[in-house]
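Spelled out from the first residue to the last, the chains are:
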Amino acid sequence: MFLNRRNLVVQALTLSVLGAAGLAQAADWPTRPIRLVVPFSAGGANDLMARSAAEGASKILGQPVVIDNRPGAGGTVGADIVAKAQPDGYTLLVSAAGVISNSMIKKTMPFKDDALQPVVMIGLAPSVIVVPKNAPYNNLRDFVEASKKGAGFNFATAGTGSTPHFVAEMLNVKYGAKLQPVPYKSGSESTTAVLGGQVEGTSEASIIALPHIIHEGKFKPLATTWTQRISAYPQLSTAVEQGFADLQIAHWAGIHAPKGTPPAILDKLAAAVDKAMKEPATVEKLKGLGIEPVGGTRAEFVKFSDAERKRLGEIVKAAQMQEK
């Protein structure tokens, strides 16, 4: 009995010391540059959101926030770097949906899901379902109904597990569409496939799709797949408004940290990004590009991540999206 009590006292003292050390570390953090690993190439929605967050958070935290682009394997290469980094708040991941869905789809993963923990949402680029400008469909329902005839439609994606892939499978599973996902290496390649007539349609981030719609008139937009209309193009209705209540998905960017990073550091980082995403100049810049800044608290991002894991997991299973 005495030994058990002694062990409990030792454990309590140990936890108290570790907690105090963590608070002290958080109070000083950051004392040197912070590295944000972007698991995609420069210029895409994830990268642009990362750079806006980095610029704003750097001013608030008083240290440089450096972008490190590490593309590959649907975001897994960059995520693996962060998952195996020291949990000290100086190496962080600019996450996307793949940080949730990759382990559901890929046969093998270099790290476990719990190796990365959600910190804060940065923003999102609503997805836009587009077809060639001369296509006979004027809305998403026309497109879905037409796909049910004959052999169906080819639908370009940016690869297995990408947001366009989920859009196609959501329409197949939930609404009986007959869309065959055709994987390309990137969103730019899949949009080129639509413009060239190799496929009947695709779904791409607003930041990529809108220039082809607004400035060039090369695409006909059918719907946006987020819960609200795009600030930069409010005349386009959402899929929800058109009767597709379960078609809610966007190209989002957040920040994940290695497991074991002190909570006080995570809270400090989340607060900085949230403040940065509410700066009027940042809001105006991002919304002009078709990106919706979000920010928020760590708890809100954890809740969002858990809900997405459950929702996307059901689609993966129903559509048999797992790699063979």
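Notes on the structure in this doc start here.

About the thresholds
- Residues numbered from 1 in each chain as written.
- Predicted model: local features only at pLDDT ≥ 70, side-chain atom pairs only at ≥ 80, totals over all residues.
- Heavy atoms only, no water.
- Phe/Tyr/Trp six-rings, centres within 6.5 Å; stacked < 30°, edge-to-face > 60°.
- Helix = DSSP H or I, 4+ residues; strand = E, 2+ residues; numbered from the N terminus.
- Buried < 20%, exposed > 50% of the residue type's maximum accessible area, 1.4 Å probe, protein only.
- Core = buried A, V, L, I, M, F, W, Y, C linked by side-chain atoms within 4.5 Å.
- Arc of directions from axis to C-beta.
- Contact = heavy atoms within 4.5 Å.
- Polar contact = N/O pair within 3.5 Å; in protein donor to acceptor, adjacent residues only side chain to side chain.
- Axes fitted to C-alpha atoms, helices over the stretch in contact; angles between N-to-C directions.
- Parallel < 35°, antiparallel > 145°, perpendicular 65-115°, else oblique.
- Left-handed = near helix turned anticlockwise from the far one by under 90°.
- Pairing = 2+ DSSP bridges.
- Salt bridge = Lys/Arg side-chain N within 4 Å of Asp/Glu carboxyl O.

1. Description of the packing of aromatic side chains
Here comes step 1: Counted according to the given criterion, the structure contains nine aromatic pairs.
Here comes step 2: Ring centres 6.4 Å apart and planes at 55 degrees place the aromatic pair F143 and F155 in the tilted group. With F143 in helix α5 (residues 140-147) and F155 in strand β5 (residues 153-157), this residue pair connects regions lying 12 residues apart in the sequence. With respect to burial, F143 and F155 carry one shared label: buried.
Here comes step 3: Residues W252 and F301 carry aromatic rings whose centres are separated by 5.8 Å and whose planes lie at 80 degrees to one another, so their mutual orientation is edge-to-face. Of this pair, W252 sits in strand β9 (residues 250-258) while F301 sits in helix α11 (residues 298-319), placing them 49 residues apart in sequence. Of the two residues examined, W252 and F301, each falls in the buried class.

2. So, the nonpolar core
Here comes step 1: Counting residues in hydrophobic clusters, the biggest one holds 49 residues, and the most contacted among them are L140, F143, L171, L247 and W252.
Here comes step 2: Of all hydrophobic cores here, the second largest spans 36 residues; its members include M49, A53, V120 and A205.

3. Looking at α5
Here comes step 1: Restricting attention to buried positions, one finds in α5 the residues L140, F143, V144, A146 and S147. Seen from one end, α5 has its buried residues packed into an arc of 165 degrees, which puts them on one side.
Here comes step 2: Looking at the buried side of α5, the elements it contacts are β4 (116-132), β5, α6 (163-175), β6 (179-183), β7 (201-205) and β8 (219-224).
Here comes step 3: Measuring from the backbone nitrogen of R141 back to the side-chain oxygen at the start of α5 gives 3.1 Å, which picks out N139 as the cap.

4. Points about the packing of α6 against α11
Geometry of a packed helix pair, given as the angle between the helix axes and the separation of the axes.
Here comes step 1: In the contact formed by α6 and α11, the axes pass within 10 Å of each other and the chain directions differ by 70 degrees. By the criterion of interaxial angle, the relationship of α6 to α11 is roughly perpendicular. Crossing handedness for the pair α6 and α11: left-handed. Between α6 and α11, the residues in contact are F166, E169, M170, V173 and K174 and R311, L312, I315, V316, A318 and A319, respectively.

5. Focus: the pairing of strand β3 (residues 91-95)
Here comes step 1: Burial runs high along β3: five of the five residues are buried.
Here comes step 2: Every second residue of β3 is oriented toward a common face, with T91, L93 and S95 on one face and L92 and V94 on the other, all of them buried.
Here comes step 3: Inspection of the sheet shows β3 paired to β9 by three bridges, in the antiparallel sense. In the strand pairing of β9, S95 is matched with G254.

6. What about the packing of helix α2 (residues 45-61) against helix α9 (residues 263-276)?
Here comes step 1: With their axes 8 Å apart at the nearest point, α2 and α9 run at an angle of 120 degrees to one another. On the basis of the axis angle, α2 is oblique to α9. Along this stretch, α2 crosses α9, giving a crossing that reads as right-handed. Packed against α2, whose contacting residues are G56, A57, I60 and L61, the element α9 presents K268, L269, A272, V273, K275 and A276 at the interface.

7. A word on the pairing of β4
Here comes step 1: Burial within β4 is extensive, with 16 of its 17 residues counted as buried.
Here comes step 2: Looking at chain direction, β4 and β9 are connected through nine bridges and run antiparallel. Within the sheet, the bridge partner assigned to G123 lies in β9 and is A253.
Here comes step 3: Note that β4 and strand β10 (residues 292-293) share two bridges and pair antiparallel.

8. Concerning the pattern of salt bridges
Here comes step 1: Counting across every chain of the model gives 15 salt bridges.
Here comes step 2: Salt-bridge contacts for E314 lead to K310; the nearest nitrogen and oxygen are separated by 3.0 Å. Here E314 pairs with K310, and both are found in helix α11, just four residues apart, close to one helical turn.
Here comes step 3: Linked by salt bridges that have partners in common, R35, D68 and R70 make up one network.

9. Some thoughts on the side chain of S305
Here comes step 1: In this fold, S305 is placed in helix α11.
Here comes step 2: Discounting residues that sit within four places of it in the chain, S305 has contacts with I100, P118 and H256.

10. Points about unusual backbone geometry
Here comes step 1: The step from W29 to P30 runs through a cis peptide bond, and the omega angle for that step is -5 degrees.
Here comes step 2: Assignment of secondary structure puts P30 in the loop between α1 (2-28) and β1 (34-38).
Here comes step 3: Although it is not a glycine, A73 sits at a positive phi angle of roughly 55 degrees.
Here comes step 4: Topologically, A73 is positioned in the loop between β2 (65-69) and α3 (76-83).
Here comes step 5: For A73, a relative accessible area of 45% corresponds to the partly exposed category.

11. Focus: helix α8 (residues 206-215)
Here comes step 1: Among all positions of α8, only S206, I207, A209, L210, H212 and I213 are buried.
Here comes step 2: Those residues of α8 hidden inside the fold are in contact with α2, β4, α7 (187-195), β7, β8 and α10 (280-289).

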